[in-house]
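Descriptive structure summary
One letter stands for each residue in the lines below.
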Amino acid sequence: MIITIDGPAAAGKGTLSSALAERYHLAYFDTGMLYRAVGLEMVLSGQNPEDENLAEKAAKELTFSKMMQLSQHPDFRSQVGGTAASKVSALPKVRRALLKMQQDFSLNPVFADGTPANGVVYDGRDTGTVVCPHADIKFFVVASPEVRAKRRFAEFTAKGIDTTFEQVLADLTARDKRDSERSTAPLKPAPDAVLLDTSKMTIQEEIDFAVKIIDKYLEA
Ligand code: C5P
C-alpha cells in the first residue's frame with residue numbers, strides 16, 4: 001500500500017505520517033529530508049543554494065548515509081535549513097536529480113533497520129502529484145498559517161532555538177509562497193487527494209480521520 005501525505009510546512013504531515021506508518025506497518029519516507037540535506041550541504045560549503053548547477057551536483061552526489069549524517073546537524077531542522085531546502089527545491093534540476101531515489105523506494109520499501117516493508121507512507125509536497133501519482137490513498141494536510149506558526153514556534157522553543165513567533169510566521173509564509181509558486185512540482189493537492197484541515201483538530205482527531213478512510217479502503 002502506498003499512502004502520500006502532502007501539504008505546507010507544520011500542517012501536521014510528519015506526525016500523521018509516522019503514526020500511519022506504525023499502525024499499518026509501512027515504511028516512512030520523509031522526502032523533505034532530501035531537500036534539507038542538499039540545502040544544508042550548500043550552506044555549509046559556502047555555496048549559494050540558488051545556484052542551480054552546483055545544487056544539482058550536490059543532489060546527484062547525495063547518498064542516504066550522507067543525508068543521515070547531515071540530519072544530525074543543528075541547522076538541519078532550523079529556519080536556516082528550512083529556507084535553504086525551500087530554495088534548492090525550487091530548482092528543476094535538483095528536483096529531477098532527487099526524483100528517482102524517491103520513486104525507487106516504493107519498489108523496495110524498507111524500514112529504518114533495512115528490513116523489507118509492504119508499502120510506504122510518503123511525506124512531502126509533491127508525493128501525490130509527481131512522485132507517486134498512482135498511490136492508493138492521498139492526503140493533503142493544511143492548517144491556517146497562524147496555527148502552523150504556533151506549532152513550529154513551540155517546537156523550536158522546546159529545542160532551545162532562539163526565535164520569535166513573528167519570525168517563524170514570516171519564514172513559513174515565505175516558504176509556502178516559494179513552494180506554491182515554483183514552476184516544477186508546485187505545492188498543490190492531487191485531484192484525488194483527501195483534504196484534511198487540522199487547524200482545529202487534536203493529533204488524535206487527525207489520526208482517527210485518516211484511519212477511517214484507510215480502513216474503508218482496505219475493506220473494499
Ligand atoms: O517537509 P519539510 O519542511 O522538511 O521540507 C523542507 C522543504 O523541502 C519544503 O519547504 C519544500 O520546499 C521542500 N520539499 C519539496 N518537496 C518535497 C518535500 C519537501 O519541495 N516532496
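This text follows the structure it describes.
This section reports on the structure supplied with the text. (Residues numbered from 1 in each chain as written. Predicted model: local features only at pLDDT ≥ 70, side-chain atom pairs only at ≥ 80, totals over all residues. Heavy atoms only, no water.)

1. Notes on the overall build of the protein chain
Stated formally: Secondary structure elements follow DSSP: runs of H or I of four or more residues count as helices, runs of E of two or more count as strands, with numbering from the N terminus. Atoms counted for the radius of gyration: C-alpha only. Globule rule: 2.2 Å times the number of residues to the power 0.38. The rule is simple: take the accessible area with a 1.4 Å probe, protein chains only, and divide by the maximum for that residue type; under 20% is buried, over 50% is exposed, in between is partly exposed. The positive count covers Lys and Arg only, the negative count covers Asp and Glu only, and His and the chain ends enter neither. Charged groups are reduced to one reference atom each: NZ for lysine, CZ for arginine, CG for aspartic acid, CD for glutamic acid.
Helix and strand counts for the protein chain stand at 10 helices and 5 strands. By the compact-globule yardstick of 17 Å for 220 residues, the protein chain fits well, its C-alpha radius of gyration being 17 Å. Viewed in the frame of its principal axes, the protein chain has a C-alpha envelope of about 50 × 35 × 35 Å. Counting all 220 residues of the protein chain, 45% fall into the buried class. Between the mean site of the 27 positive side-chain charges and the mean site of the 30 negative ones, the protein chain shows a separation of 3 Å.

2. Things to note about the packing of helix 5 (residues 79-89) against helix 9 (residues 165-181)
Counted only if it meets this: Every axis in this analysis is a line fitted to C-alpha atoms, fitted for helices over the stretch in contact. Angles between the N-to-C directions lie between 0 and 180 degrees. Angle categories: roughly parallel below 35 degrees, roughly antiparallel above 145, roughly perpendicular from 65 to 115, and oblique for all the rest. The crossing is said to be left-handed when, going from far helix to near helix, the turn is anticlockwise and less than a right angle, and right-handed when the turn is clockwise. Two residues qualify as a contact provided that any one of their heavy atoms is within 4.5 Å of a heavy atom in the partner residue. Only Asp, Glu, Lys and Arg are considered charged in this grouping, and only Ala, Val, Leu, Ile, Met, Phe, Trp, Tyr, Cys and Pro are considered nonpolar; every other residue, Gly among them, is considered polar.
Helix 9 packs onto helix 5 with a crossing angle of 15 degrees between their chain directions and a minimal axis gap of 9 Å. Classified by the angle their axes make, helix 5 and helix 9 are roughly parallel. Relative to helix 9, the crossing made by helix 5 is left-handed. Along its contact with helix 5, which presents Gln79, Gly82, Thr83, Ser86, Lys87 and Ser89, the element helix 9 presents Gln167, Val168, Asp171, Arg175, Arg178 and Asp179. Within the contact of helix 5 with helix 9, the residues separate by chemical class into 1 nonpolar, 6 polar and 5 charged.

3. Brief notes about empty space enclosed by the protein
Which parts of space are left empty comes out when a probe the size of a water molecule is rolled across the atoms. To keep things clear, this is the line we draw: Cavity and pocket criteria rest on a 1 Å grid covering protein atoms alone: a 1.4 Å probe that fits but cannot get out defines a cavity, protein on both sides within 12 Å along at least 5 of 7 lines defines an open pocket, and an atom within 4 Å of a point defines a lining residue. Grid points are joined across faces, edges and corners, and a volume is the space filled by probe spheres set on the points.
Considering all chains together, one arrives at 2 cavities of 30 Å³ or more under this definition. Lining the largest cavity are Arg36, Arg77, Ser78, Gln79, Gly82, Arg152, Phe156, Asp171, Leu172 and Arg175. Every element with two or more residues in the lining of the largest cavity is listed here: helix 5, helix 8 (145-158) and helix 9. Ranked by the residues each element gives to the lining of the largest cavity, the list is headed by helix 9, at 3 residues. Across the lining of the largest cavity, the residue classes tally to 2 nonpolar, 3 polar and 5 charged. Roughly 30 Å³ of internal volume is contained in the second largest cavity. Elements with a minimum of two residues in the lining of the second largest cavity: strand 1 (2-6) and strand 4 (137-142). Ranked by residues supplied to the lining of the second largest cavity, first place goes to strand 4 with 3 residues. In terms of residue class, the lining of the second largest cavity is made up of 5 nonpolar, 2 polar and 3 charged.

4. Side note on the environment of Pro145
As for its position among the elements, Pro145 is in helix 8. Expressed as a C-alpha distance, the spacing of Pro145 and Gly160, which sit 15 residues apart in the sequence, is 22 Å.

5. A few points about the site of the ligand
Note the threshold: A cutoff of 4 Å decides nearness: a residue is near a molecule or strand if any of its heavy atoms lies inside that distance of it. We call two N or O atoms a polar contact when they sit within 3.5 Å, provided that within protein one can donate a hydrogen and the other can accept it, with sequence-adjacent residues counted only if both atoms are side-chain atoms. Criterion for pocket placement: a molecule counts as inside a cavity or pocket if more than half of its atoms are within 2 Å of its grid points.
Around the ligand lies a shell of 15 residues, among which Arg36, Arg95, Arg175, Asp179 and Arg182 are the nearest. Arg125 is positioned such that a nitrogen or oxygen atom in its side chain is 3.0 Å from an oxygen atom of the ligand. One nitrogen or oxygen atom from the side chain of Asp179 is found 2.6 Å from an oxygen atom belonging to the ligand. Counting atoms within 2 Å of the grid points, the majority share of the ligand lands in the largest pocket. Put simply, the parts of the chain that give the shell around the ligand at least two residues each are helix 2 (32-44), helix 5 and helix 9.

Bear in mind that shape data such as this cannot, by itself, settle questions of function.
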